[in-house]
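What follows is each chain in one-letter form.
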Amino acid sequence: MSEQLSWWQKGIIYQIYPRSYQDTNSDGIGDLPGITRRLDYLQKLNIDAIWLSPIYPSPMHDFGYDVADYTGIHPMFGSMADFDCLLNEVHAHGLKLILDLVPNHTSDEHRWFVESRSSRDNPKRDWYIWRDPAPDGGPPNNWTSFFGGPAWTFDEPTGQYYLHQFVTQQPELNYRHPDVLPAILDVMRFWFDKGVDGFRIDVVWLMWKDEQLRDEPPNPDWQGGDPHGKLRHIYTQNLPGVHDLIRRMRALTDQYEDRVLVGEIYLPFDQLVQYYGSGDEVHLPYNFHLIDLPWKALVIKAAIEKYESLLPGDAWPNWVLGNHDRTRIATRVGPEQARVALMLLLTLRGTPTTYYGEEIGMENVAIPPEFIQDPPAVNQPEVADIVGRDPVRTPMQWDATPNAGFTPADITPWLPLAPDCQSRNVAAQEADPASELNLYRALTALRRAEPALHAGQIETIDPGTGAGSILAYRRAADGADTFLIVLNLGQAPCRLDLHHIAPAARIELSTAMDRRGEVDLSDLAIGPDEGVILRLGA
Ligand code: GLC
Ligand code: CA
């Protein structure tokens, strides 16, 4: 079983936000040579693939998600030679490299949009979504931007509005025009030919829009918070036409050996799993449910069961705790519980993705108002705390030098370092056997070594009465040892009777890293914020 799986099934993906990983040319911004320099560290994390947020030329209105040239490298990150060197070194370290593909929109500085905007009869006019004003001169419909305000911007010279669901400088491509998808497929070919191992596809579930551009209805469930939630996005999200686009991207991908497509998709499970198609769409539609669900054992147990029951055919699951858009896990659940979260992520069935810094328990960093840079927060100061993403994008904490080893002491990093970076950093945690980093390494090493953990089945277990904060499941694979995972998602100690599973077992790893050896399963003690992995044997 284990042997038949691909690297993206058995392995672990690690997301790097390149601006924040490692600066090598002292401009306070991370770069590609910085990532190359840290490959030994990444290899020792026992991860298998690196996903890089965008590294392409960009005016950086959305920090690289506004791409001005899909086949270049932003000089701030380095040169194409630096990229080639990184790719080579990644492969030499036995790792894979996944790039971010941003096909829904370009930068307004992309040559396609410059042409499109130049006149109404330019051949590229309809590569983007242009419409006449409404009779009152306002936008063509009520659609809103994720980053505040209308999703339309008026272009004076040509007298029409163009669509953008993010910043004004991110005009959306029109996939109803027959030449647009082929242009994006060419981009994919360019990187595949270089040897890139896959793409994470940005907002893939947004790529197809209602042809009639109908108004979206109000969302009766909106309870304040992010203003974009005021409407039900039934004409801009998850439209059936998107699946045909994805199938064509997959068909191209399948012409290359062993590549992967990961889709960014925020949807309920029943709709999310449709993005596997019949094995002909994305390999991994990102499952963000651990980010959004209340951190409660029963809720997560139900989610695991529901997801597993809905996965079609041989669709491969995946799980995520955080990314560059969402609150860091250690801030959401607290630093102690974050260790349990790591154990959960790395023992569930399916490909885990780690967001850089999770392995050392990095938290959100409060950004003083004058340093806020992220467009949704800048555009909507009244909800900046809810929508701003700067706090989760701060520089990686490497050591106890003044800028934590990210950039030299006399340089101002692009975002401030965390206040705890002198104590919470890679160097300090390397020296501490019980640190998050050493827990992470132990978890990834065990996952890699044990077929049950990287390839086996999963079965949730009822932990018994009075154990409401306990999440437990079994992982098993033919011909390999079975494991029992018991996680306390709460802060009260528990005693469990699990003798119906086995009389005794061996603690292989605990989140506190202070317990090992045989235990009696009829009276298993679990501490507050503790998780344990038990070996049940073959
Ligand atoms: C995705 C990215 C996010 C970006 C947006 C627009 O959600 O993850 O960072 O702002 O798309 O490209
Ligand atoms: Ca730099």
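Everything numeric in this text was worked out from a predicted model, so none of it was measured. (Residues numbered from 1 in each chain as written. Chains lettered and ligands numbered in written order. Predicted model: local features only at pLDDT ≥ 70, side-chain atom pairs only at ≥ 80, totals over all residues. Heavy atoms only, no water.)

1. What to know about the sheet that holds strand S10 (residues 318-320)
By way of backbone hydrogen bonds, the strands of a sheet pair with one another, either parallel or antiparallel.
Here is step 1 of the chain: The 8 strands lie next to each other as S9-S8-S7-S3-S2-S1-S11-S10, forming an open sheet whose pairing is parallel. Edge positions in the sheet fall to strand S9 (284-285) and S10, since each has one partner strand and no second.
Here is step 2 of the chain: As defined by bridge partners, strand S8 (residues 260-263) adjoins S9 across 2 bridges and the pair is classed as parallel. When the bridges of S9 are listed, Val262 appears paired with Leu284. (Pairing = 2+ DSSP bridges. Helix = DSSP H or I, 4+ residues; strand = E, 2+ residues; numbered from the N terminus.)

2. Digging into the nonpolar core
Here is step 1 of the chain: Counting 150 residues, the largest nonpolar core has Tyr41 and Leu42 as the members making the most contacts within it.
Here is step 2 of the chain: The dominant element in this core, judged by the number of residues it contributes, is helix H6 (residues 180-194), at 9 residues.
Here is step 3 of the chain: Domain assignment of the residues forming this core places at least three in each of domain 1 (2-105 + 178-209 + 238-369 + 410-440) and domain 2 (457-537).
Here is step 4 of the chain: With sequence-adjacent residues up to four places away left out, Leu42 is seen in contact with Tyr14, Ile16, Tyr21, Ile47, Ile50 and Leu95.
Here is step 5 of the chain: In terms of nonpolar packing, the next biggest core, distinct from the first, is built from 19 residues, Leu496, Val519, Val532 and Leu534 among them. (Core = buried A, V, L, I, M, F, W, Y, C linked by side-chain atoms within 4.5 Å. Buried < 20%, exposed > 50% of the residue type's maximum accessible area, 1.4 Å probe, protein only. Domains from an automatic or database assignment. Contact = heavy atoms within 4.5 Å.)

3. Considering the site of ligand 1
Here is step 1 of the chain: Contacts to ligand 1 come from 14 residues, most closely from Asp62, His105, Asp202, His324 and Asp325.
Here is step 2 of the chain: Interatomic distance of 2.8 Å between a side-chain N/O atom of His105 and an oxygen atom of ligand 1.
Here is step 3 of the chain: Between ligand 1 and the protein, one listed contact pairs an oxygen atom with a side-chain N or O atom of Arg200 at 3.0 Å.
Here is step 4 of the chain: Protein chains bury 96% of the 300 Å² of accessible surface belonging to ligand 1 in isolation.
Here is step 5 of the chain: Here the shell around ligand 1 is built from residues that sort into 4 nonpolar, 3 polar and 7 charged. (Near = heavy atom within 4 Å. Polar contact = N/O pair within 3.5 Å; in protein donor to acceptor, adjacent residues only side chain to side chain. Areas by Shrake-Rupley, 256 points an atom, 1.4 Å probe, with all protein chains shown as cover. Nonpolar A, V, L, I, M, F, W, Y, C, P; charged D, E, K, R; others polar.)

4. Description of the side chain of Arg447
Here is step 1 of the chain: Looking at where Arg447 falls in the secondary structure, it is placed in helix H16 (residues 436-449).
Here is step 2 of the chain: For Arg447, which is buried and forms no salt bridge, the nearest opposite charge comes from Asp48, at a distance of 7.1 Å.
Here is step 3 of the chain: Of note is the side chain of Arg447, whose polar atom sits 2.7 Å from the backbone oxygen of Gly350.
Here is step 4 of the chain: In contact with Arg447, not counting residues within four places along its chain, are Lys10, Ile12, Leu345, Leu346, Thr347, Leu348, Gly350, Thr351, Pro352, Leu453 and His454. (Lys, Arg positive; Asp, Glu negative; His and termini not counted. Salt bridge = Lys/Arg side-chain N within 4 Å of Asp/Glu carboxyl O.)

5. Thoughts on the pairing of strand S13 (residues 470-476)
Here is step 1 of the chain: Counting buried residues along S13, 5 of its 7 residues qualify, which places the element largely inside the surrounding structure.
Here is step 2 of the chain: Inspection of the sheet shows strand S12 (residues 457-461) paired to S13 by 5 bridges, in the antiparallel sense. In the strand pairing of S13, Ile461 is matched with Ala472.
Here is step 3 of the chain: Direction of pairing for S13 relative to strand S14 (residues 482-488): antiparallel, over a ladder of 6 bridges. The partner of Leu471 across the bridge, within S14, is Leu487.

6. With respect to empty space enclosed by the protein
Here is step 1 of the chain: Applying the stated criterion to the full structure yields 1 cavity of 30 Å³ or more.
Here is step 2 of the chain: Estimated volume of the largest cavity: approximately 70 Å³.
Here is step 3 of the chain: Looking at the largest cavity, it is lined by 13 residues, and the ones nearest its centre are Ala330, Ala338, Glu358, Gly361 and Met362.
Here is step 4 of the chain: Looking at the lining of the largest cavity, the elements with two or more residues in it are helix H11 (329-333) and helix H12 (335-345).
Here is step 5 of the chain: Along the lines of polarity and charge, the residues of the lining of the largest cavity split into 6 nonpolar, 2 polar and 5 charged. (1 Å grid on protein atoms, 1.4 Å probe; cavity = no way out; pocket = protein on both sides within 12 Å on 5 of 7 lines; lining within 4 Å. Points joined across faces, edges and corners; volume = space filled by probe spheres on them.)

7. Observations concerning the packing of aromatic side chains
Here is step 1 of the chain: Considering all chains together, one arrives at 28 aromatic pairs under this definition.
Here is step 2 of the chain: Judged by centre distance (4.9 Å) and plane angle (90°), the ring pair of Phe190 and Trp191 falls under edge-to-face.
Here is step 3 of the chain: The partly exposed category is assigned to Phe190, whose relative accessible area is 31%.
Here is step 4 of the chain: Ring geometry for Tyr286 and Phe288: centres 5.3 Å apart, planes at 40°, overall tilted.
Here is step 5 of the chain: With a relative accessible area of 4%, Phe288 lands in the buried category.
Here is step 6 of the chain: Of the aromatic side chains, those joined through ring pairs into one cluster are Tyr14, Tyr21, Tyr41, Tyr355, Tyr356 and Trp398.
Here is step 7 of the chain: Against the face of Trp130 rests Arg125, its NZ or CZ located 3.6 Å from the ring centre.
Here is step 8 of the chain: Its end group placed over the ring of Tyr356, Arg328 keeps NZ or CZ at 4.8 Å from the ring centre. (Phe/Tyr/Trp six-rings, centres within 6.5 Å; stacked < 30°, edge-to-face > 60°. Lys NZ or Arg CZ within 6 Å of the ring centre and 35° of its normal.)

8. Overview of the coordination of the calcium ion (ligand 2)
Here is step 1 of the chain: For the calcium ion (ligand 2), the protein coordination sphere consists of Asp23 (OD), Asn25 (OD1), Asp27 (OD), Ile29 (O) and Asp31 (OD), at 2.2 to 2.3 Å.
Here is step 2 of the chain: Sequence positions of the donors to the calcium ion (ligand 2) reduce to the motif D-x1-N-x1-D-x1-I-x1-D.
Here is step 3 of the chain: Taking relative accessible area as the criterion, Asp27 reaches 32% and is therefore assigned partly exposed.
Here is step 4 of the chain: Take Ile29: its relative accessible area is 12%, and that puts it in the buried class. (Donors = N, O, S within 2.8 Å, 3.2 Å for Na, K, Ca; no water.)

9. Focus: the pattern of salt bridges
Here is step 1 of the chain: Counted by the stated rule, this structure contains 33 salt bridges.
Here is step 2 of the chain: A salt bridge links Arg393 to Asp374; its shortest N-O distance comes to 3.6 Å. Placement of Arg393 in the loop between helix H14 (384-387) and helix H15 (426-430) and of Asp374 in the loop between strand S11 (351-355) and helix H13 (375-379) is noted, with a sequence separation of 19 residues between them. Accessibility assignment for this pair places Arg393 and Asp374 in one class, buried.
Here is step 3 of the chain: Counted as one network, the salt bridges with shared partners bring together Asp62, Asp325, Asp374, Arg389 and Arg393.

10. Observations concerning the packing of H6 against helix H7 (residues 242-253)
Here is step 1 of the chain: Their axes nearest at 10 Å, the elements H6 and H7 cross at an angle of 30°. Our classification of the angle between H6 and H7 gives roughly parallel. Judged by the sense of rotation from one axis to the other, the crossing of H6 with H7 is right-handed. Counting all contacts with H6, which are made through Leu181, Pro182, Ile184, Leu185, Met188, Arg189 and Phe192, the residues of H7 involved are Leu245, Arg248, Met249, Leu252 and Thr253.
Here is step 2 of the chain: Considered class by class, the residues forming the contact of H6 with H7 number 9 nonpolar, 1 polar and 2 charged. (Axes fitted to C-alpha atoms, helices over the stretch in contact; angles between N-to-C directions. Parallel < 35°, antiparallel > 145°, perpendicular 65-115°, else oblique. Left-handed = near helix turned anticlockwise from the far one by under 90°.)

11. Re the environment of Asp197
Here is step 1 of the chain: Its place among the elements puts Asp197 in the loop between H6 and strand S7 (198-201).
Here is step 2 of the chain: Residue class for Asp197 comes out buried when judged on its relative accessible area of 5%.
Here is step 3 of the chain: Spatially, the C-alpha atoms of Asp197 and Asp210 are 33 Å apart, while their sequence positions differ by 13 residues.
Here is step 4 of the chain: Ignoring any residue separated from it by four or fewer positions in sequence, one finds Asp197 in contact with Trp7, His91, Lys96, Leu97, Asp258, Arg259 and Val260.

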